[in-house]
Amino acid sequence: MTKPEAKPIIVLGGGGHASVLIDILQQQGRALLGIADVGLMQGEAGPAGLIVLGGDDCVLGYEKDEVELVNGIGSMPGKNQRRQIYQRFVDLGYSFCSVIHPSAVVSPRAHITAGVQIMAAAVVQANAYIGQNSIINTRVCIDHDSVIGEHCHVAPGAVLCGGVTSGNQVHIGPGATIIQGVAIGDEAIVGAGAVLTKNLAARAILYPARGSVKQIGADNES
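Just so you know, these numbers come straight off a predicted model, no measurement behind them.

(A) Structural detail: the pattern of salt bridges. One pass over the full model with this rule turns up three salt bridges. E187 is paired through a salt bridge with R203; the nearest N and O atoms lie 3.8 Å apart. Linking E187 in the loop between β19 (183-184) and β20 (189-190) with R203 in the loop between β21 (195-196) and β22 (204-207), this pair joins segments that are 16 residues apart in sequence. For R203, a relative accessible area of 36% translates into the label partly exposed.

Take a look at the structure:
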C-alpha cells in the first residue's frame, strides 16, 4: 500500500518549545508553511526563519484536510493554553501530527496518539500508551505498560518505571522518578527531582525538598 503524502504543517506558537519542534520537523524534511502566533508580527521571520502567518485565526484560511498542525505551545503547571488551543482546532476538524525526534527510542508496541511530541533521546517502551497532545521531553524514560493521559508534560530527565499510570493534564517535573505501579491523578504535579513511591491524588502537588504533598486549593499540607 502506498503511504499517503505528508501534508504541509503550520506550527502554533513561536517560542522556545516551537523552536525545538521546528528543528525536528526540518530534520525529517517536512514541509513547513509557517508559524501562527498572536504575539508575533505577521510577515516577520520566526524561529529558524519561518514566516509568521498571523495569529491563531490564520489557520482558518486553510482547509482542514490540506494541512496538519503542530502544537508549539509549551506546557507549564497550572497553565491551560496548550490544551485549549489543541481542543479548539480539533473541534474545528483540524488534525495534529505527532512529532518524534530521530534519536528517540519508541517501541513498535507502544501506542502513540494524535499530537504527541517525543523529544531527543527519550525512550518509550513496549505497551506504553501516550495520550493525545502530551509532551515526552528530552531524555525521559517511559517504561513498559505505563499510561500517560492527555495533555500531560513529562519534563526532561524524568523516569517512569513500569506500569505507572497518569491521569490527564499531569505535570511531572525534570529529573523526577516514579516507582513502578504508581498512579497519579488528574492535574497533579510531581515536582522537579521528586521520588514518588505511592499514589498521588488528583490535583495534588508533591514537593521534593520536603517530601510533602499539598492539595491544590487546600490551606494545609499533609
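This is not the end of the story, as more comes after the structure.
(B) Spatial organisation of the sheet that holds strand β1 (residues 9-12). The four strands lie next to each other as β3-β2-β1-β4, forming an open sheet whose pairing is parallel. Looking along the sheet, the strands with just one partner apiece sit at the ends: β3 (52-54) and β4 (68-71). When the angles between neighbouring strand axes are averaged without regard to direction, this sheet yields 35°. Relative to strand β2 (residues 32-36), β1 runs parallel, the two being bridged by four bridges. Counted as the bridge partner of I10 is G34 from β2.

(C) Molecular detail of helix α2 (residues 81-91). Along α2, the positions that sit buried rather than exposed are R82, I85, Y86 and F89. Angular distribution of buried residues about the axis of α2 spans 100°; they occupy a single face of the element. Buried residues belonging to α2 abut β1, α1 (16-27), β4, β8 (117-118) and β11 (135-136). Downstream of α2 by one or two residues, G93 has phi in the positive range, about 100°.

Rules and cut-offs
Residues numbered from 1 in each chain as written. Predicted model: local features only at pLDDT ≥ 70, side-chain atom pairs only at ≥ 80, totals over all residues. Heavy atoms only, no water. Salt bridge = Lys/Arg side-chain N within 4 Å of Asp/Glu carboxyl O. Helix = DSSP H or I, 4+ residues; strand = E, 2+ residues; numbered from the N terminus. Buried < 20%, exposed > 50% of the residue type's maximum accessible area, 1.4 Å probe, protein only. Pairing = 2+ DSSP bridges. Axes fitted to C-alpha atoms, helices over the stretch in contact; angles between N-to-C directions. Arc of directions from axis to C-beta. Contact = heavy atoms within 4.5 Å.

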